[in-house]
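Structural features, examined
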Amino acid sequence: MKKSILAYSLTFLALYSSCSPESSDQKVAVLIDEYKSVYAPDKRVALWNLTFENDSLKGETDQLEAYNELLAELSAKEFKFIDAVNQLPEKQLGDQIKALVTISVANIRSQPKHSAELATQALMGTPLNVLKEDDGWYLVQTPDQYLSWVDRAGIQLMSEQEMENWYRSPKLVFTDLVGYVWKSPDAKEMISDLVAGDILTIENETISHYLVSLPDQRKGWIEKSKAQDWETWTSSRNTSPENLISTAKQMMGSPYLWGGTSIKGMDCSGFTKTIFYLNGQIIPRDASQQINEGELIDADKNWEKLQVGDLLFFGEKATSDKKEKVVHVGMWIGNGEFIHSRGLVRISSFDPENPNYDEYELNRYLRTKRIVNVPSEHVLSVSKLLTTNQP
């Protein structure tokens, strides 16, 4: 792919420069867009905000390999320019380019301010890549590659070595839907709340309790019955029909929250993402990303083809003058029913005789994809979470 885009671009620029009176700025702008279409087509997971004006290459990017290729190509074409691009992670961060979430659920926003749209969430102990800072907010990348901003108060900045040390520490996963870390086993003073999937470091244990460290080094106690050590938890994860249905139904009635990915509130794709995470798989964040994974099962409402765990997508079909728009996702649970977050986590049916019949979703159904036991580029095992956060 890299060689083909380079060859294509060189040929394109050669032809373009021989027959077009347009400026160097316009020619390079075309080349920048070509690279973007290959290396950073989705701005939610890759930054490629580059411009070329007055012989100056400006902007910022985290796609450094692609950027170096672009520089090499510009030099090969003998373009004279000033390199003024901010390469991320930015130098001002020093060695603090990693972070861990330190609260039960961190709100991660589209812009560096509390009033900005909630883009996604990350659970305690989630490793993050840190790209830049803006007045106490950090642009971070989650394990599913999502890019957005988190308040400094919700993370612990780390160097790569400090992160490696944390990886090697014995850890556990909180398994109850909700709970707490207590200052002492008598549970009289709370250190932090917890939700299912939070990751903590084990410091010590008694017959009934673990002494744990949070990522910011606060310490406290949790009941053993509400957690599992990391190895036991990851090895026991299984996307069986029974597990997927059980996990999904435990969250019945949870409120809808745009950008939410936890029991505290979740949007439609946050709900499916949470189901699969708690059963061992990390899937992309948004419905419009999830629909690109796995195997196509149905696009004609042939429900007999579906299996428990299949993801159903809804939205607006493509027409001659507009692209398809994916706006909703749910998970098939069998017997003509699927579970999804719309207003709250609920079960809907495509059977007109069922009291949960959902004509609204039926009318905007697009297709069904299968990710269970189907290899897919952006569907990862949760076991990789604590070895690297760059899939």
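All of these numbers come straight from a predicted model, not from anything done at the bench.

Analysis parameters
Residue positions are given per chain, counting from 1 as you read along its sequence in written order. In view of the model being predicted, local features appear only for residues whose pLDDT reaches at least 70, and side-chain atom pairs are presented and counted only at 80 or more, with totals across whole chains, interfaces and linings using the full set of residues. The side-chain quantities take in all heavy atoms of the structure and omit both hydrogens and water. Helix numbering and strand numbering both begin at the N terminus, where a helix is a DSSP run of H or I of at least 4 residues and a strand a DSSP run of E of at least 2. Between buried and exposed lies partly exposed: a residue is buried under 20% and exposed over 50% of the maximum accessible area for its type, with that area taken using a 1.4 Å probe on protein chains only. Identification of polar contacts relies on pairs of N or O atoms within 3.5 Å, with a donor-acceptor requirement for protein atoms, meaning one able to donate a hydrogen and the other able to accept it, and with residues adjacent in sequence counted only if both atoms are side-chain atoms. Think of each axis as a best-fit line through the C-alpha atoms, taken over the contacting stretch in the case of a helix, with angles from 0 to 180 degrees between the N-to-C directions. Note on angle classes: values under 35 degrees are labelled roughly parallel, values over 145 roughly antiparallel, values of 65 to 115 roughly perpendicular, and the remainder oblique. Two helices cross in a left-handed way if the nearer one is turned anticlockwise from the farther one by less than a right angle. They cross in a right-handed way if the turn is clockwise. A contact between two residues is defined here by any heavy atoms of the two lying within 4.5 Å. Amino acids are sorted into nonpolar (Ala, Val, Leu, Ile, Met, Phe, Trp, Tyr, Cys and Pro), charged (Asp, Glu, Lys and Arg) and polar (every other residue, Gly among them). The set of buried Ala, Val, Leu, Ile, Met, Phe, Trp, Tyr and Cys residues whose side-chain atoms join them within 4.5 Å is what this entry labels a nonpolar core. For two strands to pair, DSSP has to find at least two bridges joining them. The working definition used for a salt bridge is a side-chain nitrogen of Lys or Arg within 4 Å of a carboxyl oxygen of Asp or Glu.

**Comments concerning the side chain of R285**
Turning to its location among the elements, R285 is positioned in the loop between β20 (281-282) and α8 (287-290). A relative accessible area of 1% means that R285 is categorised as buried. A distance of 3.2 Å separates a polar side-chain atom of R285 from the backbone oxygen of G259. At a separation of 2.9 Å, a polar atom in the side chain of R285 contacts the side chain of S269.

**Notes on the packing of helix α6 (residues 241-250) against helix α7 (residues 268-277)**
Two numbers describe how α6 lies on α7: the axes approach to 9 Å, and their chain directions differ by 130 degrees. Classified by the angle their axes make, α6 and α7 are oblique. Once α6 is placed against α7, the crossing between them reads as right-handed. Along the contact surface, α6 presents L244, T247 and A248, while α7 presents F271, I275 and F276. Taken together, the residues of the contact of α6 with α7 break down into five nonpolar, one polar and no charged.

**Focus on the nonpolar core**
Counting residues in hydrophobic clusters, the biggest one holds 46 residues, and the most contacted among them are F276, Y277 and M331. Those elements that provide at least two residues to this core are α4 (160-168), α5 (230-236), α6, α7, β22 (311-316), β23 (325-334) and β25 (344-349). For this core, the element with the most residues is α7, which contributes five residues. Beyond its immediate sequence surroundings of up to four residues, F276 is in contact with T239, L244, Q281, I283, G309, L311, M331, I371 and V372.

**A closer look at the pairing of strand β3 (residues 82-87)**
The sheet contact formed by strand β2 (residues 56-61) and β3 spans six bridges and is parallel. Paired with E60 across the strands is N86, a residue of β3.

**Things to note about the pattern of salt bridges**
Scanning the model with the defined rule gives 17 salt bridges in all. The salt bridge involving R370 is made with D310; its shortest N-O contact spans 2.8 Å. Here D310 lies in the loop between β21 (295-298) and β22 and R370 lies in strand β26 (residues 365-370), a separation of 60 residues in the sequence. By relative accessible area, R370 is classed as buried at 12%. A relative accessible area of 0% places D310 in the buried class. Linking K322 and E316 is a salt bridge whose minimum nitrogen-to-oxygen distance equals 3.2 Å.

**Points about the sheet that holds strand β5 (residues 105-109)**
Overall, antiparallel pairing links the seven strands, which are arranged β6-β5-β9-β8-β7-β4-β10 in an open sheet. Two strands bound the open sheet, and with one partner strand each, they are β6 (118-123) and β10 (155-158). The mean inter-strand angle of the sheet, taken between neighbouring strand axes irrespective of direction, is 45 degrees. Pairing of β5 with β6, which is carried by five bridges, proceeds in the antiparallel orientation. Following the sheet pairing, A106 is matched in β6 by A122.

**Looking at the pairing of strand β11 (residues 171-174)**
Alternating positions in β11 separate into two faces, K171 and V173 on one and L172 and F174 on the other, with burial throughout. Summarising the sheet, β11 and strand β14 (residues 199-205) pair through three bridges and their orientation is antiparallel. Bridging across to β14, K171 finds its partner in T201. Bridge count between β11 and strand β17 (residues 227-229): three bridges; the pairing is antiparallel.

**Considering the packing of helix α2 (residues 24-39) against helix α3 (residues 64-76)**
Put simply, α2 and α3 touch, their axes get as near as 11 Å, and they point 150 degrees apart. By the angle class used here, α2 and α3 are roughly antiparallel. Note that α2 runs across α3; the crossing there is right-handed. Contacts from V28, L31, I32, Y35 and Y39 of α2 reach α3 at A66, E69, L70, E73 and L74. Along the lines of polarity and charge, the residues of the contact of α2 with α3 split into eight nonpolar, no polar and two charged.

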